[in-house]
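# A closer look at the structure
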Amino acid sequence: MQTPIDPDLMPLLERALHDLAQPMASLQLRLEIGKLLGDEASLKEAVDGASKDMERLVAVLSRMRSILAAASEGTR
Amino acid sequence: MKVLVVEDDRALGVFLQKALKLEGHETSWVEDGEAALEHVRRDSPDLVLLDLGLPRRDGVEVLEELRTLSTETAVLVLTGRSNVEERVRCLNLGADDCLLKPFSFHELAARCRAILRRHQPARSAFLRFGELEMDLIRRKVQRKGQTIDLTPKEYALLECLLQRRGTCCSREELLREVWHTSADAATNVVDVYINYLRKKITAAAQTATCHANLIETVRGSGYRLHAEPLTSEQPKCYENFALAPCA
């Protein structure tokens, strides 16, 4: 049985989804363009940039965990 | 084509520009809605890639106002917002298409081409030179009906030469326009790619004829498409030719 989502969480989730989408979009473009160009400098640039995008993604993930943790505390 | 990227995320803005340049477009980038409208008034881009979550003015507001300024400018909305209603609203307000983030470079490029294909008049869609035909919208090159398979860089190089046929393009100019690299860079990449192009164009010939002069080396200057192209009916000469770099 699915647990209904707290409506107060919806805008936070929507925001978190948006914040996930941004670095994922740049990550995907970086890697595809690096692969398309194929030279060593482009590949290195893609990988270096991908690490920065991953940091942003991890930060958003942490924020989402905090939101869920806070929501769980609130329902106890 | 002139494309304006409206995106407040810096990393994404940089890579959207890169992606569009790889497709051969002239690109500009602004980070908020007000700057976007100012740019459209001043520059009349062919296509706007519009993020919705913008500072100063929301992307939906920008779209509404953009449509009062111009119906000629195509708009592709890029959004990380997942609700269908918002994408439907954008399309009803006059966006040509919507793309949900994250997306593939290949899909972005294909959607841009599809939008521009609908917006461009047919008469500007082709560049022709002798037996060569370049379809600018579909990005295909043919010689006497036979498709020549070119990499993006080879295509961009040939387009540059075709746009200026009869006029010499310097190596520096080609480096700048095709590779977006400073002319100071010590590289023979232009010579290498000219050689690739010559081989592919020759290979597409149905009879063995000399095409050494189709892309002519202009000593001390650069390269140009020969003003009077040789056709398959002209006499056979050297099949193997050495690429002579400019002095």
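Per-chain numbering applies: the sequence of each chain, read as written, is numbered from 1 onward. Labels follow written order: the first chain is A, the first ligand is 1, and so on. Residue-level local features of this predicted model are given only where pLDDT is at least 70; pairs of side-chain atoms are given and counted only at 80 or more, and the full residue set underlies all totals for whole chains, interfaces and linings. Only hydrogens and water are removed before side-chain values are computed, so all heavy atoms of the structure are retained for them.

### Description of the nonpolar core
To form a nonpolar core, buried Ala, Val, Leu, Ile, Met, Phe, Trp, Tyr and Cys residues must be joined to one another through side-chain atoms within 4.5 Å. The buried label applies to any residue whose accessible area, calculated with a 1.4 Å probe on protein chains only, is under 20% of its type's maximum; exposed applies above 50%, and partly exposed to all values in between. In terms of nonpolar packing, the biggest core is built from 29 residues, with B:V141, B:L158, B:L161, B:V190 and B:I215 touching the most fellow members. Helix and strand definitions here come from DSSP, where helices need a minimum of 4 consecutive H or I residues and strands a minimum of 2 consecutive E residues; each element is numbered from the N-terminal end. With seven residues, helix α6 (residues 152-163) of chain B is the single largest residue contributor to this core. The contact definition used throughout considers only heavy atoms, calling two residues in contact when any of these lie within 4.5 Å. Apart from residues lying up to four places away in sequence, B:V190 is in contact with B:R171, B:L174, B:L175, B:W179 and B:Y223. Counting residues in each nonpolar core, the second largest holds 23 residues, with A:I33, B:L12, B:L76 and B:L78 among its members.

### Some remarks on the interface of chain A and chain B
Contact with chain A, which involves 18 residues of that partner, is made by 20 residues of chain B. Buried area: the accessible area, evaluated with a 1.4 Å probe, that two parts lose upon being put together, summed over both parts. Its largest share of buried area at the contact with chain B, chain A owes to A:Q22, A:L29 and A:I33, together 29% of the area lost on that side. Throughout this description, the term salt bridge denotes a Lys or Arg side-chain nitrogen within 4 Å of a carboxyl oxygen of Asp or Glu. Applying the counting criterion to the chain A and chain B interface returns two salt bridges. Residues adjacent in sequence count toward polar contacts only when both atoms are side-chain atoms; beyond that, a polar contact is any pair of N or O atoms within 3.5 Å, and within protein one must be able to donate a hydrogen and the other to accept it. Taken together, the links from chain A to chain B amount to six residue pairs in polar contact (both at pLDDT 80 or more). Elements with a minimum of two residues in the side of chain A that touches chain B: α1 (9-37) and α2 (40-75) of chain A. The element that contributes the greatest number of residues to the side of chain A that touches chain B is α1(A), accounting for 15 residues. Partitioned by chemical class, the residues of the side of chain A that touches chain B number eight nonpolar, four polar and six charged. Amino acids are sorted into nonpolar (Ala, Val, Leu, Ile, Met, Phe, Trp, Tyr, Cys and Pro), charged (Asp, Glu, Lys and Arg) and polar (every other residue, Gly among them).

### Observations concerning the pattern of salt bridges
For the structure shown, the criterion picks out 27 salt bridges over all chains. Here A:R56 and B:D9 are joined by a salt bridge, their closest N and O atoms 2.2 Å apart. Residue A:R56 is found in helix α2, and its partner B:D9 is found in the loop between β1 (2-6) and α1 (10-22); the two belong to separate chains. By relative accessible area, which is 9% here, B:D9 ends up buried. Of the charged contacts in the structure, one is a salt bridge between B:R57 and B:E34, with a shortest N-O distance of 3.6 Å. Separated by 23 residues along the polypeptide, B:R57 in the loop between β3 (47-51) and α3 (59-69) and B:E34 in helix α2 (residues 33-43) bring together distant segments of the chain. We classify B:R57 as buried; its relative accessible area is 18%. Taken together, the shared-partner salt bridges in this structure form one network comprising B:E34, B:R41, B:R57, B:E61 and B:E65.

Just geometry here; none of it tells us what the structure is for.
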